[in-house]
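Chain by chain, the residues:
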Amino acid sequence: MDGRIARTLVHKTSEDAVLIGRPRHLQGHRWEFDAELPRDASAQDSSGIPTLLGIELMRQTAIAYTHLQGGVPLDWALLMKELSFGWLRDVPEDPGGPLAGCVAVSTVAVQQRNGLVSGLELEACFLSGGVPLGAGRGRLGCVSRTAYRAIRRNAPAVDRTAAASPHTGLADIRRQGEELQAELVWNWDDPLVFDHFPDHLPGILLARGMLDAHLALTGFDAVQMDIACENFGEFNASAQVLAFRSTPDETRISISQLGRTLATGLCRGSRPNTTARPLLTLDSPGA
């Protein structure tokens, strides 16, 4: 993709981790960004575009939009509270290259405190060749650097050697009927999850754990996902994943740590035949 957006606008360290490009302010609260999704040969879906990448595309779009449209300073923390994404139709296959398109995003609701933006609810649509391929919705909180430091003042120090795993996702999976229990694990070398150093379990890590739980229970990848984050997760304690298959293609998941719920989610596995928007939600520190 020519002209990736500045890394600081999506809170990334590596330019290779940036999925969106040139921003265009269309009118009012509506913006559009170029976008490019790399294909993953190991993805279960034949298009090579995992749903997790759609979640990350929505996350980056929301962050850039919040800085550009909302005027939120670059050094503020943006905490993703709810995030949803779903494929609207089959993704075109092209083993020779990435999936290029654009993301259109606009404001659903805005919260302010002392004249500054403190929260945004957004909706977005990913298009390729003028055809809507995916849609998402998100809600995030905007916290000043000073306020964030106060919130996290008692957080344990991060030990990058503790709880490390050879892979990211699930371990110690135990399945009984339509229920699954597992431990959430992470690999510090995973470029999607740990492009930059976080002081809490990233929301994209929680999302991956949920998607992996859905795959383990149903045998296929989810094409729609909603995740709501409720509490900060820490690196110094194990996190448990509990999933229940509620219908043949739907899984409800929760992730907890030390008796607290970190996030809840819903994954669906069959591709919709219409362009109806997927269900969406967002609620807690997960950026």
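Whatever comes next refers back to the structure up there.
Residues numbered from 1 in each chain as written. Predicted model: local features only at pLDDT ≥ 70, side-chain atom pairs only at ≥ 80, totals over all residues. Heavy atoms only, no water.

Explain unusual backbone geometry to me, please; I cannot follow it from the model alone.
Trans peptide bonds make up most of the peptide bonds, and negative phi angles are found at most residues other than glycine. For H11, which is not a glycine, the phi torsion comes out positive at approximately 60°. With respect to the element layout, H11 can be found in the segment before β1 (20-27). (Helix = DSSP H or I, 4+ residues; strand = E, 2+ residues; numbered from the N terminus.)

Can you help me understand the packing of aromatic side chains in this one?
Two aromatic rings, taken as a pair, are described by how far apart their centres are and by the angle between their planes. Counted according to the given criterion, the structure contains eight aromatic pairs. When the centroid spacing of 6.5 Å and the interplanar angle of 20° are considered together, the rings of W31 and F33 count as stacked. Just as W31 is buried, F33 falls in that class too. Here W188 and F197 contribute two aromatic rings whose centre-to-centre distance is 6.2 Å and whose plane-to-plane angle is 20°, an arrangement assigned as stacked. (Phe/Tyr/Trp six-rings, centres within 6.5 Å; stacked < 30°, edge-to-face > 60°. Buried < 20%, exposed > 50% of the residue type's maximum accessible area, 1.4 Å probe, protein only.)

Help me understand empty space enclosed by the protein, please; the structure alone is not making it clear to me.
Unoccupied space between atoms shows up once a probe the size of one water molecule is rolled over them. Counting across every chain of the model gives two cavities of 30 Å³ or more. The calculated volume of the second largest cavity comes to roughly 60 Å³. Taken together, M58, T61, A62, L83, V105, L122, E123, A124, G136, R137 and G138 make up the lining of the second largest cavity. Here the residues of the lining of the second largest cavity are counted per class, giving six nonpolar, three polar and two charged. (1 Å grid on protein atoms, 1.4 Å probe; cavity = no way out; pocket = protein on both sides within 12 Å on 5 of 7 lines; lining within 4 Å. Points joined across faces, edges and corners; volume = space filled by probe spheres on them. Nonpolar A, V, L, I, M, F, W, Y, C, P; charged D, E, K, R; others polar.)

It is not clear to me how the layout of surface pockets should be interpreted in this structure. Could you clarify?
As a volume, the second largest pocket reaches approximately 580 Å³. Lining of the second largest pocket is provided by 27 residues; of these, H11, A77, Y148, H196 and F197 occupy positions nearest its centre. Secondary structure elements with two or more residues in the lining of the second largest pocket: α1 (51-68), β3 (77-87), α2 (145-151) and α3 (203-218). Of the residues that constitute the lining of the second largest pocket, the class distribution is 14 nonpolar, six polar and seven charged.

Even after reading the chapter, I still don't get the side chain of D190, so can you show me in this structure?
Mapped onto the elements of the fold, D190 is located in the loop between β8 (179-185) and α3. A polar atom in the side chain of D190 sits 3.0 Å from the backbone nitrogen of L192. Filtering out sequence-adjacent residues up to four positions away, D190 remains in contact with T168, D195 and R208. (Polar contact = N/O pair within 3.5 Å; in protein donor to acceptor, adjacent residues only side chain to side chain. Contact = heavy atoms within 4.5 Å.)

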